[in-house]
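For reference, the chains in residue letters:
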Amino acid sequence: MYFVANWKMFGNFKSLNQLDKVMTFAKKFKKNKTKLIYCPPATLINAVSKKLKFTTIDVGAQNCHQGLNYGANTGQINSYMLKDAGAKYIILGHSENRQLGEDNNLINLKIRSSIKSGLKIIFCIGETLSQKRKKNTKKILSKQIIQGLKNVSNKRNIIIAYEPVWAIGSGLIPKETEIFDIVSFIKNKVKGSKVLYGGSVNTNNINLLKKIDNVDGFLIGGASQNSNNFIDIIKKTFI
Ligand code: PGA
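Residues numbered from 1 in each chain as written. Predicted model: local features only at pLDDT ≥ 70, side-chain atom pairs only at ≥ 80, totals over all residues. Heavy atoms only, no water.

## Describing helix α10 (residues 227-238)
Thinking step 1. For α10, which comprises 12 residues, the first-to-last C-alpha distance of 17 Å matches the rise-based estimate of 16 Å (1.5 Å per residue) to within 8%.
Thinking step 2. Three or more residues of α10 are buried, namely Ser 227, Phe 230, Ile 231, Ile 233, Ile 234, Lys 236 and Thr 237.
Thinking step 3. Where α10 begins, one side-chain oxygen reaches toward the backbone nitrogen of Asn 228, 2.8 Å away; that side chain belongs to Asn 226. (Helix = DSSP H or I, 4+ residues; strand = E, 2+ residues; numbered from the N terminus. Expected span 1.5 Å × (residues − 1). Buried < 20%, exposed > 50% of the residue type's maximum accessible area, 1.4 Å probe, protein only. Polar contact = N/O pair within 3.5 Å; in protein donor to acceptor, adjacent residues only side chain to side chain.)

So this is what it looks like as structure tokens:
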């Protein structure tokens, strides 16, 4: 089971203390059954990767520029630089970035450049509330998958995170049967892929979410910023 902590645009050097408890926890807890990945903001990737160096916990980035070469792109960071800073994974296609204008084609370029850099991809897909209401969820997910993974022949290093846009940060989650159905649909489209669920995962609803047996883990935003909550979610998954 994957547990990916997405810190979003939160955290500073003091927040690194949050990792201490999780490091101690990870030493003992079901090592061969859990993969913990911290995705801090880019400013903390190097510090977090140094801190986690002798642990089983990995580090991921949250986005990158689509280009692979160095270049005149003020404010941008390419996937190679993130790898160099210590990232092993990268979240791409997050709806918060789609809302800022990233489309499937741009996400596809980012995925391909990140693969070339040797990063593993956590590829986020999900429908908005109005798309769900119009019963367009599967159509939208299909399009995101087909365009996002265009010309990606080796999908071994792609993990898909199903994150309904309306569930992110809202406290709402789909019904378990809906998640099961969508995750099966995704696994059928991308054979052999691991699929995570993300969107308002917390210490309460994990008791329901963990019962969905085709889900390979969780992408956790708000609740991952507090190590007690993050640990609680992981523990409850296995009770
Ligand atoms: P949330 O965020 O857990 O705060 O809803 C999840 C995400 O955006 O990846």
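## A short note on the pattern of salt bridges
Thinking step 1. Inspection of the entire model under this criterion finds 9 salt bridges.
Thinking step 2. As a salt-bridge pair, Lys 132 and Glu 178 come within 3.1 Å of each other at their nearest N and O atoms. Remark: Glu 178 occurs in helix α8 (residues 176-189) and Lys 132 occurs in helix α6 (residues 129-133); sequence separation between them is 46 residues.
Thinking step 3. The exposure class assigned to Glu 178 is partly exposed, which follows from its relative accessible area of 27%.
Thinking step 4. Of the charged contacts, one joins Asp 216 and Lys 187 as a salt bridge, the two residues approaching to 2.9 Å between their closest N and O atoms. Within this pair, whereas Asp 216 is found in the loop between α9 (206-209) and β8 (217-220), its partner Lys 187 is found in helix α8, the two being separated by 29 residues in sequence. (Salt bridge = Lys/Arg side-chain N within 4 Å of Asp/Glu carboxyl O.)

## Some thoughts on the pairing of strand β7 (residues 194-198)
Thinking step 1. Counting buried positions along β7 yields 4 of 5 residues, so the element is predominantly enclosed.
Thinking step 2. Where strand β6 (residues 158-162) lies against β7, 4 bridges are found, and the strand directions are parallel. Along β7, the bridge assignment pairs Ala 161 with Leu 196.
Thinking step 3. Regarding topology, α8 serves as the crossover connection from β6 to the parallel β7, and that connection is right-handed.
Thinking step 4. Two elements, β7 and β8, share 2 bridges in a ladder whose sense is parallel. Residue pairing across strands places Tyr 197 opposite Phe 218, the latter belonging to β8. (Pairing = 2+ DSSP bridges. Right-handed = clockwise from strand over helix to strand, strands pointing away.)

## As for the side chain of Asn 6
Thinking step 1. For Asn 6, the location among the structural elements is in strand β1 (residues 2-6).
Thinking step 2. For Asn 6, the side chain forms a polar contact with the main-chain nitrogen of Lys 8, separated by 3.0 Å.

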